[in-house]
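Spelled out, the chains give:
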Amino acid sequence: MEGVWENFMRNNQSTLKSLFQRKKSSNDEESLETSPRPIPQLSPLANSVVSRCSKILKIPTEELQHRFDIELPESVKRLFTYARNFLEFCSYQALYEVSKNPDYLSDPEFRRLTFEMMLAWEAPCVECEQGMPETSSRNEEEVEDEEGGSLFYSSSMNMALQVDDKKTVGREAFARMAPVCAAVADIITVHNLFDALTSSSGHRLHFLVYDKYLRSLDKVIKAVKNTMGSSLSNLPLSEVEIILDIEGAVPTQPVLQHVGISAWPGRLTLTNFALYFESLGVGVYDKAVRYDLAMDLKQVIKPELTGPLGARLFDKAVMYKSTTVTEPVYFEFPEFKGNFRRDYWLNISLEVLHAHKFARKHNFKETQQSEVLARAILGIFRYRAVREAFQFFTSPYKTLLSFNLAESLPGGDVILETLSNRLALLNADTSPRIVKQLPTPSPISLLALSHLGFILQTNANLDREALIVGDFCVGETNPLEIAVKQSMSSTGRAEAAQATVDQVKVEGIDTNLAVMKELLFPVIGLATHLVLLASWKFPFKSTVFLMLTCYAIVRGWIRYILASVSVFFAIIMLWRRHFNKGKTLEAFRITAPPNRNAVEQLLTLQEAISQLEALIQTGNVVLLKIRALIFAVLPQATDRVALLLVVMAILFAFVPLKYLILLVFLETFTREMPYRRESSYRWLRRFREWWFRIPAAPVQLIRADPDKKRK
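Thresholds, definitions, all that
- Sequence order as written defines residue numbering, which begins from 1 separately in each chain.
- Since the coordinates come from a predicted model, pLDDT governs what is reported: local features require at least 70, and pairs of side-chain atoms require 80 or more to be given and counted, while whole-chain, interface and lining totals use all residues.
- Computation of side-chain values covers all heavy atoms of the structure but excludes hydrogens and water.
- Per the convention used, a helix needs a DSSP run of H or I reaching at least four residues, while a strand needs a run of E reaching at least two, with both numbered from the N terminus.
- Burial classes: relative accessible area under 20% of the type maximum marks a residue as buried, over 50% as exposed, and values in between as partly exposed (1.4 Å probe, protein chains only).
- When checking whether two residues touch, look at their non-hydrogen atoms; a contact exists if any pair is within 4.5 Å.
- Every accessible area reported is derived by Shrake-Rupley at a probe size of 1.4 Å, with residue values counting cover from the shown protein chains alone.
- To define axes, lines are fitted to C-alpha atoms, for helices over the stretch in contact only, and angles between the resulting N-to-C directions are given on a 0 to 180 degree scale.
- When an angle is under 35 degrees it counts as roughly parallel; over 145 it counts as roughly antiparallel; between 65 and 115 it counts as roughly perpendicular; any other value is oblique.
- Only when DSSP finds a minimum of two bridges between them are two strands counted as paired.
- A pair is scored as a salt bridge if a Lys or Arg side-chain nitrogen falls within 4 Å of a carboxyl oxygen belonging to Asp or Glu.

K.L.:
Explain the overall build of the protein chain to me, please; I cannot follow it from the model alone.
P.N.:
In terms of regular secondary structure, the protein chain is built from 28 helices and 10 strands. For the protein chain, the proportion of its 711 residues judged to be buried stands at 41%. Within the protein chain, residue pairs in contact and separated by at least 24 positions form 67% of the contacts whose partners lie at least 6 positions apart. Surface summary for the protein chain: the accessible area is close to 41,900 Å², and the carbon and sulfur share equals 60%.

K.L.:
Sorry, what's going on with the side chain of Q368 here?
P.N.:
Looking at where Q368 falls in the secondary structure, it is placed in helix α14 (residues 366-390). Assessed through its relative accessible area of 9%, Q368 is described here as buried. Excluding residues within four positions of it along the chain, Q368 makes contact with L423, A424 and L426.

K.L.:
What exactly am I supposed to notice about the packing of helix α24 (residues 598-630) against helix α27 (residues 677-692) here?
P.N.:
Helix packing for two helices is described by the angle between their axes and how far apart those axes are. The N-to-C vectors of α24 and α27 enclose an angle of 80°; their axes lie 11 Å apart at closest approach. Judged on the interaxial angle alone, α27 and α24 are roughly perpendicular. Residues V622, K625, I626 and L629 of α24 form the contact with α27, whose own contacting residues are W690, W691 and F692.

K.L.:
Quick question: what am I supposed to make of the pairing of strand β5 (residues 262-271) here?
P.N.:
Along any regular strand the residues' side chains alternate between the sheet's two faces. Of the strand pairs in this sheet, strand β3 (residues 243-247) and β5 are connected by four bridges, and their pairing is antiparallel. Residue pairing for β5: I246 is matched across the bridge by T269. Two strands pair when backbone bridges link them, and strand β4 (residues 255-259) and β5 are joined in this way by five bridges, in the antiparallel orientation. The residue bridging H258 from the neighbouring strand is A263, located in β5. In this antiparallel pair of consecutive strands, β4 and β5, the connection spans two residues, and G260 shows a positive phi of 70°. Relative to strand β6 (residues 274-279), β5 runs antiparallel, the two sharing five bridges. Counted as the bridge partner of L270 is L275 from β6.

K.L.:
What's the story with the pattern of salt bridges in this structure? I'm lost.
P.N.:
Any two side chains of opposite charge can pair, on the condition that their charged atoms come close. Across all of its chains, the model carries 27 salt bridges by this definition. A salt bridge links E122 to R204, with the nearest nitrogen and oxygen atoms 3.2 Å apart. With E122 in helix α7 (residues 108-122) and R204 in the loop between α11 (190-197) and β2 (205-206), this residue pair connects regions lying 82 residues apart in the sequence. When its relative accessible area of 13% is taken as the criterion, E122 is described as buried. Since its relative accessible area comes to 26%, R204 is described here as partly exposed. A salt bridge links E667 to R671; the nearest nitrogen and oxygen atoms lie 3.4 Å apart. One network of salt bridges, in which partners are shared, links E88, E172, R176, E481 and K485.

Below, the structure written as structure tokens:
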């Protein structure tokens, strides 16, 4: 039955879509009749896009072409790139003009226009279009119900694959067009956003997926606006503070705050400056507690285990620590399966924290700092949109948050340095404009937030009539884009290396000790041979080793030992590289220890902890006896130690170092020599007796007041 239904849907796609297809109005027919003359260098789709851009800008296409020819340098007007660069020139200006409308994300025409810009970018000229897949028609509309879902398919992803399989966009086109609208994508994370949207479609973007993403983004932004407009009297927000997300308001998704052994349910709110937690009282929320993310308070935010009464049981919490809190605070996000809520809140909290650290590091002024926060805020909006629309969860190298990505990517510091160089050129008093060579840098993300109705800077004049290019220049590659591509090229190797690390991690103390013992076998074997030589069980070998070592010390060859070891390992590595080229590394074989049940493992752990405790106690006793010697608790012993230190100082001052090394080596290596064994034991016994007679300095333990700690 399922196969019959699929065949019916495949054979009747055009009929079903025609039921929901929008009919052309008389205005559409008139606009087609009065459409401008097409440009010969452009493909039909590119001409259609340019025509709509001219209507948005209210500038004829001939005038746009004339401006392109006289304003831009000759390098972008070459024959093979003329069509694509002219398309970028028109599209960028039109997109910045359209994005001034607060509700442009809600407009289906905007979503269709931006997608066709990407299609036209891939096939800007007639010759290019002949080698490209069939392009989409402007009249084809997605089939949706009022809820935003498909009428015939359970997933918009599947619908996109089955209905719109020939109208797809590639990575380069998406990366070149989408970030022009700062709300839609960011130049740093645009490639990860493309991977998220095309994870199930063979790395080609379908319109229905793109459309669903923009509708979800619009829904998130409107939800944030509604939250800002609602009455949240418990939160002491400033004028430029924006609520990014709220968790815990729904009873089925609670948030628990753990401090010490106490836990309270409540509501957690993240803004662009802080975390707020409101404990749930009797039907109402108590006064919010603010955990700052903006000031330099040595904040630490990381995933952590938590549970009842402070037990470390469940990996579902975020830990916040700073100089303003006496002890760490844990926010637990209970859920039956996985820790996706925790990971989401961890990522967005770190994004705000990293954005403020980045702004403080470079001493940015108000406009520059607002631009940094605007990038972080828009990134969180996009992260929410993809998460809610597609249930997509990212890895550190695939995150949609710009500053988190820069912190995790190899070479991410270069990305941040390039971004800081661009932000350093921002000027709040200079209106953005297009010049012939380099566009005047403008706070593109801050402008985008302002057009969407959010205020991050109260005294900034962001309403000037201007055409901007933002992070992209027509026909040129932005330095930030170059830095991102270079960093992304190393991501694959980093991910592969991390995958091997995850594979070799084993569980169990005994197993890990067995692995370490086998890996350190050459070192352990060398140490065993040295101990055997020092025991003088084989006098001839020990004598030869003693003479050779003494000769090397006297001749001053000891300083060449490390250099010789380094050269030896370098030769081994180069030899392996030459003769093992193309061969896979064989797995390191380790004999696993016998399996132990839970009780045996607990007993082993208890024994190891007891041995560690005894070792720490011995170390404390040694330190306390040294303290007693320093403060002359036993005067006779202190006199002897002081005299010994004076003699050692004289030796270090007047005796060459190689002779001191020779003396120490002879003393250590010849202790078990037959002629010195008895005297060595006698001197060691006298030293132990002297050490045992030295008292330890007193110690007094002061217990913390539990009432004061609770307060």
